[in-house]
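Architecture and fold: a report
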Amino acid sequence: MDDSTVDVDVLVIGSGVAGLSAALSAREAGAERVVVLEAERVVGGSTRLSTGIVMGAGSRAQSRAGVEDDADAYYNDYMNANEWRLPGGVVRAMTAASGETLDWIEDHGVRYHPGLVRGGSENTPRCVAVVGGGEGLVAALHRAARDAGVDIVLDQRVTRLLVRDERVCGVAVGDQVITADAVVVASGGIGASRERLEQCFPEQMAEAGSWHWYIGSDGARGDHLAFAEQVGADITGVVGLRLLHPGFAQTLESYIPGWQVLVDREGRRFVDESAPYGILDRALGAHGGRAFFVFDRQAVDEELTGTSAYRQTYPEDPDRRSPNWNPAMIAEQVEAGRIARGDTVEEVATALGIDPVALSDTVRHYNEGADRGVDRWGKGPAYLRPLLHPPFHGAEVRLATLCWTGTGLRIDDRARVLDGRGDVVPGLWAAGESSGGPMGEVYVGSGGSIANGAIFGRIAGREAARARPR
Ligand SMILES: Cc1cc2nc3c(=O)[nH]c(=O)nc-3n(C[C@H](O)[C@H](O)[C@H](O)COP(=O)(O)OP(=O)(O)OC[C@H]3O[C@@H](n4cnc5c(N)ncnc54)[C@H](O)[C@@H]3O)c2cc1C
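Since the structure is predicted, the reported quantities are computational estimates derived from the model, not experimental observations.

1. As for the overall build of the protein
Of regular secondary structure, the protein possesses 16 helices and 17 strands. Computed over its C-alpha atoms, the radius of gyration of the protein comes to 23 Å, within 12% of the 23 Å expected for a compact globule of 470 residues. Principal axes of the C-alpha set define a box for the protein whose edges measure 80 × 45 × 35 Å. Expressed as a percentage of its 470 residues, the buried residues of the protein come to 60%. The long-range share in the protein, meaning contacts at least 24 apart out of those at least 6 apart in sequence, stands at 74%.

Have a look at this one:
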């Protein structure tokens, strides 16, 4: 294509963290005409709705907090959590650029709370919490992109890619065509499309049943999957992060109170209930995505009056209380028949359809451990509260809250989109939820998804700016 005839140098689809980072970085790498097309009437996608925790190793924020860390440690944690089943080169690129990307975000006007947050089970804290959460993050990146001369056009849903001579050379929004030297797909996930979810993850959708609840942006309709079909891009990835949900009101509770006792359908425990949500997702997924919480009256009383039993603290809401496991909600849900209540554990078990003997054995062992401050599943003493005080309660929980999805166009370490044979699709890059490869079956912790979007967005923008069709 003759360069002078193209409308823009780099065209970015989507204005979440991946798209804004790609656009900014394309400008910084010398692209003159950079345009972001956003399907919705508001900038920011799921990023805007997020908590705004971002993960990275070797950042200035870590230095300020006196924490020593490096990309190798992050890489090893990441790969170990995912049993080394991920494309190591892509994860290597992500972890290597993570610290500098946290600095880069800060350099563009995003402010971090002092100190660090633990995202998951990492020994070294490596997450920052953005002041103002996801809105704060998007507002600053949006401003920086505009100041850098990026055009952001809302209400423009890209309907297809333009392809000429086997190279992606622009996009179409309905009948309107925009030609470009390079296109970056940063259009988010598939969570808002029930059809796409059923198609990609029928088993997980069946497990959640009518309790399924997607909490991300309406714009996440999986349009990238259609783009992939158009150019033969390989699709890869994971369902994403699912949180345990009791099917009460649609309230978000990422971590569960550590005092909960979680048993499978046989009435047996299978995990440390205080584990990070990414681990609980994986552990419960291996048990069919459905299980039961069992607790006594005292646990609920203490949740109301004692210190928070959440393992993760978040600076914008340090005294967070459980929206589900509090006296008012419990009374309401007992009334509605969603929580079973009884004078004995066996009574509760019978009401839940669990073997009463098995559940009573489980609770007895749990209580014996709690007395000694030792738990068979390794839960820390701070969360071990014996179940002694009737009435006892039990409720079903499912992996039903879908936070983000990780199924998209397979990328390499330079965010280039690959086809089914592993070859690069010329002219096309992808980042964030609409890409596939960096995210594993185990979500390593809070901050992992925004980091993925920012890091590969940056890489994609830079690479796209430098690539000129020959
Ligand atoms: C409540 C909540 C809390 C979260 N908290 C955290 C957290 O603290 N840390 C973390 O790491 N992750 C968190 N996540 C996940 C994280 O926010 C997202 O995975 C991440 O921000 C996705 O970024 P993205 O740029 O890939 O997609 P998005 O931010 O969703 O942006 C994609 C954009 O593309 C647009 N788009 C879609 N199709 C088209 C099209 N055809 N044409 C044009 N535009 C299109 C969409 O409208 C959207 O605006 C959270 C998610 C939620 C919902």
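Still to come is the rest of the account.
2. Thoughts on the nonpolar core
Residues V10, I13, L161, V171, L428 and F456 are the most contacted members of the largest nonpolar core, which totals 98 residues. The element best represented in this core is helix α16 (residues 448–466), accounting for nine residues. Counting the residues that make up this core, at least three belong to each of domain 1 (3–239 + 405–466) and domain 2 (241–400). Counting residues in hydrophobic clusters, the runner-up holds 25 residues, among them L262, F270, A283 and I339.

3. Considering the domain arrangement of the protein
Annotation of the protein at the domain level lists domain 1 (3–239 + 405–466) and domain 2 (241–400). Facing 29 residues of domain 1, the contacting portion of domain 2 comprises 27 residues. Summed over the three residues of domain 1 that lose the most area to domain 2, namely E207, W211 and W213, the buried surface amounts to 37% of that side. Where domain 1 packs against domain 2, one counts two salt bridges. For the salt bridge of R242 with E207, the shortest nitrogen-to-oxygen distance reads 3.3 Å. Across the domain 1-domain 2 interface, the total number found is 13 residue pairs in polar contact (both at pLDDT 80 or more). For the side of domain 1 that touches domain 2, the residue count by class is 13 nonpolar, 12 polar and four charged.

4. A word on the packing of helix α1 (residues 17–28) against α16
Running from amino to carboxyl end, α1 crosses α16 at an angle of 35°, the nearest separation of the two axes being 7 Å. Crossing of α1 against α16: the hand is right-handed. Residue-level contacts link V17, A18, S21, A22, S25 and A26 of α1 to I450, G453, A454, G457, R458, G461, R462 and A465 of α16.

5. Considering the site of the ligand
Taken together, the neighbourhood of the ligand is formed by 39 residues, with E38, T47, D223, E433 and S449 sitting nearest. G448 is positioned such that a nitrogen or oxygen atom in its backbone is 3.5 Å from an oxygen atom of the ligand. Between I450 and the ligand, the recorded distance is 2.7 Å, taken from a backbone N or O atom to an oxygen atom. Protein coverage of the free-state accessible area of the ligand, which is 1000 Å², stands at 96%. Those elements giving two or more residues to the shell around the ligand turn out to be α1, α2 (45–49), α10 (223–231), β14 (392–410) and α16.

6. Details of helix α7 (residues 133–147)
Every α-helix carries 3.6 residues per turn, so stepping three or four residues along brings you back to the same face. When the terminal C-alpha atoms of α7 are compared, their 22 Å separation across 15 residues agrees well with the 21 Å that a helix rising 1.5 Å per residue should span. Of the positions making up α7, those classed as buried are G133, G134, L137, V138, A140, L141, H142, A144 and A145. Next to the buried residues of α7 lie α1, α2, α6 (98–107), β5 (151–153) and α16.

7. A few points about the pattern of salt bridges
What the rule picks out here adds up to 26 salt bridges. For D77, the salt bridge identified is with R126, shortest N-O distance 2.9 Å. Highlighted residues: D77 in helix α4 (residues 71–81) and R126 in the loop between α6 and β4 (127–129), separated in sequence by 49 residues. Between E273 and R269 there is a salt bridge, with the nearest N and O atoms lying 2.8 Å from each other. According to the relative accessible area criterion, R269 is buried, its value standing at 9%. Look at the salt bridges and you will find they share partners, linking R60, R64, E106 and D107 into a network.

8. A word on the state of the cysteines
Summed over the entire model, instances satisfying the criterion amount to zero disulfides. With no disulfide of its own, C127 lies 15 Å from the sulfur of C403, the closest cysteine sulfur. Judged by its relative accessible area of 16%, C403 is buried.

Criteria and cut-off values
What you see as residue numbers is a count from 1 along each chain, following the sequence as written. Residue-level local features of this predicted model are given only where pLDDT is at least 70; pairs of side-chain atoms are given and counted only at 80 or more, and the full residue set underlies all totals for whole chains, interfaces and linings. Side-chain numbers here rest on the full set of heavy atoms in the structure, without hydrogens or water. Where helices and strands are cited, they refer to DSSP runs of H or I of at least four residues and of E of at least two residues respectively, numbered from the N terminus. Just to be clear, the radius of gyration here is over C-alpha atoms, and the globule rule we use is 2.2 Å times residues to the power 0.38. The buried label applies to any residue whose accessible area, calculated with a 1.4 Å probe on protein chains only, is under 20% of its type's maximum; exposed applies above 50%, and partly exposed to all values in between. We call two residues in contact whenever any of their non-hydrogen atoms come within 4.5 Å of each other. In these notes, a set of buried Ala, Val, Leu, Ile, Met, Phe, Trp, Tyr and Cys residues joined through side-chain atoms within 4.5 Å is what counts as a nonpolar core. Each domain's extent was defined by an automatic or database domain assignment. Buried area adds together the accessible area that both of two parts lose upon being put together, with accessible area traced by a 1.4 Å probe. Salt bridges are defined as contacts in which a side-chain nitrogen from Lys or Arg sits within 4 Å of a carboxyl oxygen from Asp or Glu. Any pair of nitrogen or oxygen atoms within 3.5 Å is treated as a polar contact; in protein, a donor-acceptor pairing is required on top of that, and neighbouring residues in sequence qualify only through side-chain atoms on both sides. Gly counts as polar in this scheme, as do all residues outside two lists: the nonpolar Ala, Val, Leu, Ile, Met, Phe, Trp, Tyr, Cys and Pro, and the charged Asp, Glu, Lys and Arg. Comment: axis = line fitted to C-alpha atoms, over the contacting stretch for helices; angle = value between 0 and 180 degrees taken between N-to-C directions. The hand of a helix crossing depends on one turn: near helix anticlockwise from the far one by less than a right angle means left-handed, and clockwise means right-handed. Any residue with a heavy atom lying within 4 Å of a molecule or strand is counted as near it. Residue burial considers only the protein chains on display, and all accessible areas are found by Shrake-Rupley using a 1.4 Å probe. Here the expected span of a helix is defined as 1.5 Å times the quantity of residues minus one. The disulfide criterion used throughout: a pair of cysteine sulfur atoms within 2.5 Å.

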